[in-house]
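Spelled out, the chains give:
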Amino acid sequence: MASTSDFSLGKVDVALSPRERFEEFLQARGKRITRQRRMIVEHVSARHEHFDAEQLLADLRNTPDGAAASRPTVYRTLGELVDAGLLRKMVLGGRAVYEHDYGYPQHDHLHCTACQTLIEFSSDEIVSIRDAVAARHQFRAQGHRLIITGLCANCRSTRNRPRHQDRI
Ligand SMILES: [Zn+2]
Ligand SMILES: [Zn+2]
C-alpha cells in the first residue's frame with residue numbers, strides 16, 4: 001500500500017493493508033466489504049487524526065465517492081473497524097473519538113479539557129512501569145491506554161495568567 005503518512009510518530013510495518021485486514025475480519029463473520037465500507041476504511045486509514053463520527057460523516061460527504069454516505073452505515077462501520085483492530089476508540093468528556101491505530105505505533109494522549117486538543121506522546125518509561133506492574137501480577141501486558149487530562153499550554157496561558165508583556 002502506498003505510504004501517504006506524515007504521522008508524527010512514524011509508522012510500523014504491517015503485513016496486510018488496512019482494507020485487506022478489514023476484509024478478512026468481515027469474511028470471518030460472513031460479511032462482505034461493501035462499497036461504502038471500503039470507502040470508509042480507505043478514508044480513515046489514509047490519515048492519522050482524531051475524529052468523531054459526525055466529523056467523519058461530514059468529511060466523507062465532501063468527497064466525490066462519499067457524497068451518499070449514510071449515517072447508520074458510518075456508525076456501524078466505525079464499530080466494525082474498532083472490533084477489527086483498525087481504529088481505536090477513546091471516550092473524552094463523554095464524546096467518542098476515533099483514530100487510525102493499525103500500523104501506527106503505540107502512543108498515549110494528553111487531553112485538554114478546555115479546548116479538546118489531543119497531544120500524542122510515547123514514553124519508554126511508561127512502558128517499563130506498565131511491564132513492571134504487570135509482572136508483579138504474573139500478567140503479560142500487550143497494550144495499555146493512558147489519557148492524561150488537564151489544560152494545555154495555550155489554555156493555561158489565556159485562562160490562568162495575566163498576559164506577559166514584553167519587557168524592556
Ligand atoms: Zn487547551
Ligand atoms: Zn493518538
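Use the structure listed above.
To keep things clear, this report deals only with the structure shown in the data block. These numbers come from a predicted model, not from an experiment. (Residues numbered from 1 in each chain as written. Chains lettered and ligands numbered in written order. Predicted model: local features only at pLDDT ≥ 70, side-chain atom pairs only at ≥ 80, totals over all residues. Heavy atoms only, no water.)

## Remarks on the overall build of the protein
- Within the protein, the secondary structure is distributed over six helices and six strands.
- Counting helices and strands in the order they occur from the N terminus, the protein gives α-α-β-α-α-β-β-β-β-α-β-α.
- Looking at the protein residue by residue over its 168 residues, the buried ones come to 33%.
- Within the protein, residue pairs in contact and separated by at least 24 positions form 54% of the contacts whose partners lie at least 6 positions apart.
- Just so you have it, the protein exposes about 11000 Å², and 48% of that area is on carbon and sulfur atoms. (Helix = DSSP H or I, 4+ residues; strand = E, 2+ residues; numbered from the N terminus. Buried < 20%, exposed > 50% of the residue type's maximum accessible area, 1.4 Å probe, protein only. Contact = heavy atoms within 4.5 Å. Areas by Shrake-Rupley, 256 points an atom, 1.4 Å probe, with all protein chains shown as cover.)

## Re a nonpolar patch on the surface
- Together, Leu110, Ile119, Leu146 and Ile148 make up a nonpolar patch on the protein surface, roughly 270 Å² of accessible area in all.
- If you trace the backbone, Ile119 turns up in strand S5 (residues 118-121).
- With relative accessibility at 40%, the residue Ile119 sits in the partly exposed group. (Patch = residues over 30% accessible without salt bridge, like charges linked within 9 Å, V, L, I, M, F, W, Y side chains within 5 Å. Salt bridge = Lys/Arg side-chain N within 4 Å of Asp/Glu carboxyl O.)

## With respect to the coordination of the zinc ion (ligand 1)
- Taken together, the protein ligands of the zinc ion (ligand 1) are Cys112 (SG), Cys115 (SG), Cys152 (SG) and Cys155 (SG), with distances of 2.3 Å.
- One can describe the donor arrangement at the zinc ion (ligand 1) as tetrahedral, given that its four donor atoms subtend angles of 105 to 114° at the metal.
- Mapping the donors of the zinc ion (ligand 1) onto the primary sequence yields the spacing C-x2-C-x36-C-x2-C.
- Take Cys112: its relative accessible area is 2%, and that puts it in the buried class. (Donors = N, O, S within 2.8 Å, 3.2 Å for Na, K, Ca; no water. Tetrahedral: all angles 85-135°; square planar, octahedral: opposite > 155°, others 65-115°.)

## Topic: the nonpolar core
- Of all hydrophobic cores here, the largest spans 22 residues; its most connected members are Phe22, Ile40, Leu56, Val74, Leu78 and Leu81.
- Residue assignment for this core shows that the elements contributing at least two residues are helix H1 (18-28), helix H2 (35-45), helix H3 (53-61) and helix H4 (71-83).
- Discounting chain neighbours no more than four positions away, the residues touching Leu81 are Phe22, Ile40, Val41, Val44, Leu86 and Leu87. (Core = buried A, V, L, I, M, F, W, Y, C linked by side-chain atoms within 4.5 Å.)

## What about the coordination of the zinc ion (ligand 2)?
- Every protein donor of the zinc ion (ligand 2) is listed here as His50 (NE2), Glu99 (OE), Glu99 (OE), His107 (NE2), His109 (NE2) and Glu120 (OE), and their distances to the metal cover 1.9 to 2.8 Å.
- Note on Glu99: relative accessible area 0%, which makes it buried.
- Relative accessible area serves as the criterion here: at 1%, His109 is assigned to the buried category.

## Some words on the packing of H1 against H2
- Interaxial distance between H1 and H2 falls to 9 Å at its minimum, and their mutual angle equals 140°. By the criterion of interaxial angle, the relationship of H1 to H2 is oblique. Crossing of H1 against H2: the hand is right-handed. In contact with Pro18, Arg19, Phe22 and Leu26 of H1, H2 contributes Arg37, Arg38, Val41, Glu42 and Ser45.
- Of the residues in the contact of H1 with H2, the class split is four nonpolar, one polar and four charged. (Axes fitted to C-alpha atoms, helices over the stretch in contact; angles between N-to-C directions. Parallel < 35°, antiparallel > 145°, perpendicular 65-115°, else oblique. Left-handed = near helix turned anticlockwise from the far one by under 90°. Nonpolar A, V, L, I, M, F, W, Y, C, P; charged D, E, K, R; others polar.)

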